[in-house]
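Residue-level listing of the chains:
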Amino acid sequence: MRNPIGMMRRSQQVRSQLKAPRERLPGGSRRWIRSSMDWLVAEFGRDVLLRPIALPTDVIPDGYDGSRAAATELCGRVDGRMDLRPGQCGLSFELNGVRRPSNRGTTAVVKEQHGRWSRGADQNQIELSPTLAADPVALIAIYAHEVGHELLLGGERITLTRRPDHEPLTDLITVFYGLGIFTANAAYERRPRPNGRGKQPVARGYLREAALAEALAYYALLRGERHPDWDRHLDPPVRRGMRNQLAVLHRR
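Residues numbered from 1 in each chain as written. Predicted model: local features only at pLDDT ≥ 70, side-chain atom pairs only at ≥ 80, totals over all residues. Heavy atoms only, no water.

Here we look at helix H2 (residues 29-44)
For H2, spanning 16 residues, the distance from its first C-alpha to its last is 22 Å, which sits close to the expected 22 Å at 1.5 Å a residue. Residues Trp32, Ile33, Ser36, Met37, Leu40, Val41 and Phe44 constitute the buried set of H2. The arc enclosing the buried residues of H2, seen along the axis, measures out at 160°, which places them on a common side. Set apart from the buried face of H2 by more than 90 degrees, the exposed residues are Arg31 and Ala42. Buried residues along H2 sit in contact with helix H3 (46-49), helix H6 (136-154), helix H7 (166-176) and helix H9 (208-222). Directly beyond the C-terminal end of H2, a positive phi value near 105° is found at Gly45. (Helix = DSSP H or I, 4+ residues; strand = E, 2+ residues; numbered from the N terminus. Expected span 1.5 Å × (residues − 1). Buried < 20%, exposed > 50% of the residue type's maximum accessible area, 1.4 Å probe, protein only. Arc of directions from axis to C-beta. Contact = heavy atoms within 4.5 Å.)

Comments concerning the sheet that holds strand S5 (residues 124-128)
Reading across the sheet, the three strands line up as S1-S5-S4 and stay open at both edges, with mixed pairing between neighbours. Both outer strands of the open sheet, strand S1 (89-92) and strand S4 (115-118), are each paired with one neighbouring strand and no more. Taken pair by pair, the neighbouring strands of this sheet meet at an average axis angle of 15°, ignoring direction. (Pairing = 2+ DSSP bridges. Axes fitted to C-alpha atoms, helices over the stretch in contact; angles between N-to-C directions.)

Section: H7
Of all the eleven residues making up H7, eleven are buried; the element is thus mostly covered by neighbouring parts of the structure. All of the buried residues along H7 are His166, Glu167, Pro168, Leu169, Thr170, Asp171, Leu172, Ile173, Thr174, Val175 and Phe176. Where H7 is buried, its residues meet H2, H3, H6, helix H8 (180-185) and H9. Backbone geometry just downstream of H7 places Gly178 in the positive-phi region, at approximately 85°.

Some words on the pairing of S5
Among the five residues of S5, four are classified as buried, and the element is accordingly described as predominantly covered. Of the strand pairs in this sheet, S4 and S5 are connected by four bridges, and their pairing is antiparallel. Counterpart to Gly115 in the pairing with S5 is Leu128. Counting the residues between successive antiparallel strands, the hairpin from S4 to S5 contains five residues.

Examining the packing of H2 against H9
Where H2 meets H9, the closest approach of the two axes is 10 Å, and the angle between their N-to-C directions is 45°. Looking at the two axes, H2 sits oblique to H9. As H2 runs across H9, the sense of the crossing is right-handed. For the pair H2 and H9, the contacting residues are Ser29, Arg30, Ile33, Arg34, Met37, Asp38 and Val41 in the first and Ala211, Glu214, Ala215, Tyr218, Tyr219 and Leu222 in the second. (Parallel < 35°, antiparallel > 145°, perpendicular 65-115°, else oblique. Left-handed = near helix turned anticlockwise from the far one by under 90°.)

Comments concerning the environment of Arg51
Mapped onto the elements of the fold, Arg51 is located in the loop between H3 and helix H4 (56-59). You can call Arg51 partly exposed: its relative accessible area is 27%. Non-local contacts of Arg51, meaning those with residues more than four positions away in its chain, are made with Arg81, Asp83, Tyr177, Tyr219 and Arg223.

Notes on the packing of H9 against helix H10 (residues 236-251)
Packing of H9 against H10 leaves a shortest axis separation of 8 Å and a crossing angle of 45°. Classed by the angle they form, the pair H9 and H10 counts as oblique. Crossing of H9 over H10 shows right-handed handedness. From H9, Glu209, Ala213, Glu214, Leu216, Ala217, Tyr218, Ala220 and Leu221 reach across to H10, where they touch Pro237, Val238, Gly241, Met242, Gln245, Leu246, Leu249 and His250.

Comments concerning the packing of aromatic side chains
Here the structure, examined in full by the defined rule, presents four aromatic pairs. Look at Phe44 and Tyr177: their rings are 5.9 Å apart centre to centre, the planes differ by 75°, and that puts the pair in the edge-to-face class. Linking Phe44 in helix H2 with Tyr177 in the loop between H7 and H8, this pair joins segments that are 133 residues apart in sequence. Comparing Phe44 with Tyr177 shows no difference in burial state: the two are buried. Members of the aromatic cluster, joined through ring pairs, are Phe44, Phe176 and Tyr177. Across the ring face of Trp39, the terminal group of Arg163 is positioned such that the distance to the ring centre comes to 5.6 Å. (Phe/Tyr/Trp six-rings, centres within 6.5 Å; stacked < 30°, edge-to-face > 60°. Lys NZ or Arg CZ within 6 Å of the ring centre and 35° of its normal.)

Points about the nonpolar core
What tends to happen in soluble globular proteins is that the nonpolar side chains get buried as a cluster. Within the largest apolar cluster, 70 residues are counted, with the highest numbers of intra-cluster contacts made by Phe176 and Trp230. The element that contributes the greatest number of residues to this core is H6, accounting for eleven residues. Contacts of Trp230, omitting those with residues within four sequence positions, involve Ile53, Leu55, Ile181, Leu216, Tyr219, Ala220, Glu225 and Met242. (Core = buried A, V, L, I, M, F, W, Y, C linked by side-chain atoms within 4.5 Å.)

Any functional reading would require information that these geometric values do not contain.
What follows is the structure in structure tokens.
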């Protein structure tokens, strides 16, 4: 007979891992977030930081039907918010995501590749999984991450050797460009298992919930927001974490 207490503890351990950044951040999460966000402000300008944050009702159109055409149009809206020129990157929905359990047992975490940016001879390319079209929040989060690669790597603002933390930085740039609600809400989900037995934790991104809560708090602080009303659009765990972090920042 399975030990329910042991299973609960394993589940809590997995949930804790999902909240933590996927990769270790140089100098620790808090210091890395502040220094990296300050670098983004210096690199792209404070006017970007102060733009209105993107809310789901602002970006996802009424009647979004999950079609390829609707998904392509939604990516175009992200382009506009992240200052990507029309046609700057090629876009396709042909990427086959790879499902890889991170450990064995009922609490295994599935990690999937839903997006990929690559250099091209004439045009850089962004490939997305076709399954993203059905989930506009995840589509926006993952596409914005890939656009971040275009801005940072494609724009030669960083290199892989000089910024080995480029993947977390690419998550952070989505917060800087006002799309952090989507990145945070798409960071974790529990999806029904293919065999119908329970649900499978699915992790996305590199910063995850805890670090994204810190990032959103520092983002709000830089914007001069003590009690931002947009935090009501965040999933409860991130919203609670962000409010706690923001209170700490203002006390300091």
